Amino acid sequence: MDKVYISQLHVETIIGVYDFEKESKQSLYFDVEMLTDIRAAAQSDDINLAVDYAKVSEDIIAHTTAKPVELLETLVEQLAALILAQYNVSQVTIKVSKPAAVHAAQTVGVEITRAKAA
Ligand SMILES: Nc1nc2c(c(=O)[nH]1)N=C([C@H](O)[C@@H](O)CO)CN2
């Protein structure tokens, strides 16, 4: 299956378990892979038949900054559900990295893959 992807989408938002994390924004970086058949878009050269990575990026930014959650797990599950519901995508993989969370690590995060129910 073909893929449309977004790499290292940067979003600043309130996120985290601890009280100090609820006071100032932190950086998150998203890598997103969406499985979709690109042939109809390619044959027609029509953005309306494509999974528009710009719109998906806007949706991720809007959702991530709209209502704070504590866990990265909560956020990526919400985003996967949003993308599967709103776009012509059979499967989505979302990896979110939170580089400032663990000082001794380059980055930490969560990755999930979710598919549309058959
Ligand atoms: N699996 C997870 N572990 C942790 C999370 C998380 O969202 N998922 N979050 C935290 C804290 O918010 C952390 O980022 C602050 O250092 C800890 N572990």
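Going by the structure above, here's the rest.
Because the structure is predicted, anything quoted here is derived from the model rather than measured.

Overview of the site of the ligand
The immediate surroundings of the ligand are formed by Gly-16, Val-17, Tyr-18, Glu-21, Leu-71, Leu-72, Glu-73, Lys-98 and Ala-101. Within the backbone of Val-17, a nitrogen or oxygen atom sits 3.0 Å from an oxygen atom of the ligand. Within the side chain of Glu-73, one N or O atom sits 2.7 Å away from a nitrogen atom of the ligand. Within the complex, 68% of the 410 Å² of free accessible area of the ligand lies under protein. Along the lines of polarity and charge, the residues of the shell around the ligand split into 5 nonpolar, 1 polar and 3 charged.

Observations concerning helix α2 (residues 53-66)
Compared with the 20 Å implied by 1.5 Å per residue over 14 residues, the 20 Å span of α2 between its first and last C-alpha is a close match. Packing partners of the buried residues in α2 comprise β1 (3-13), β2 (26-35) and α3 (72-86). Backbone nitrogen of Ala-54 and a side-chain oxygen of the N-cap are separated by 2.9 Å at the start of α2; the cap is Asp-52.

Analysis parameters
- Residues numbered from 1 in each chain as written.
- Predicted model: local features only at pLDDT ≥ 70, side-chain atom pairs only at ≥ 80, totals over all residues.
- Heavy atoms only, no water.
- Near = heavy atom within 4 Å.
- Polar contact = N/O pair within 3.5 Å; in protein donor to acceptor, adjacent residues only side chain to side chain.
- Areas by Shrake-Rupley, 256 points an atom, 1.4 Å probe, with all protein chains shown as cover.
- Nonpolar A, V, L, I, M, F, W, Y, C, P; charged D, E, K, R; others polar.
- Helix = DSSP H or I, 4+ residues; strand = E, 2+ residues; numbered from the N terminus.
- Expected span 1.5 Å × (residues − 1).
- Contact = heavy atoms within 4.5 Å.

Read these as layout, nothing more, since geometry by itself doesn't imply function.
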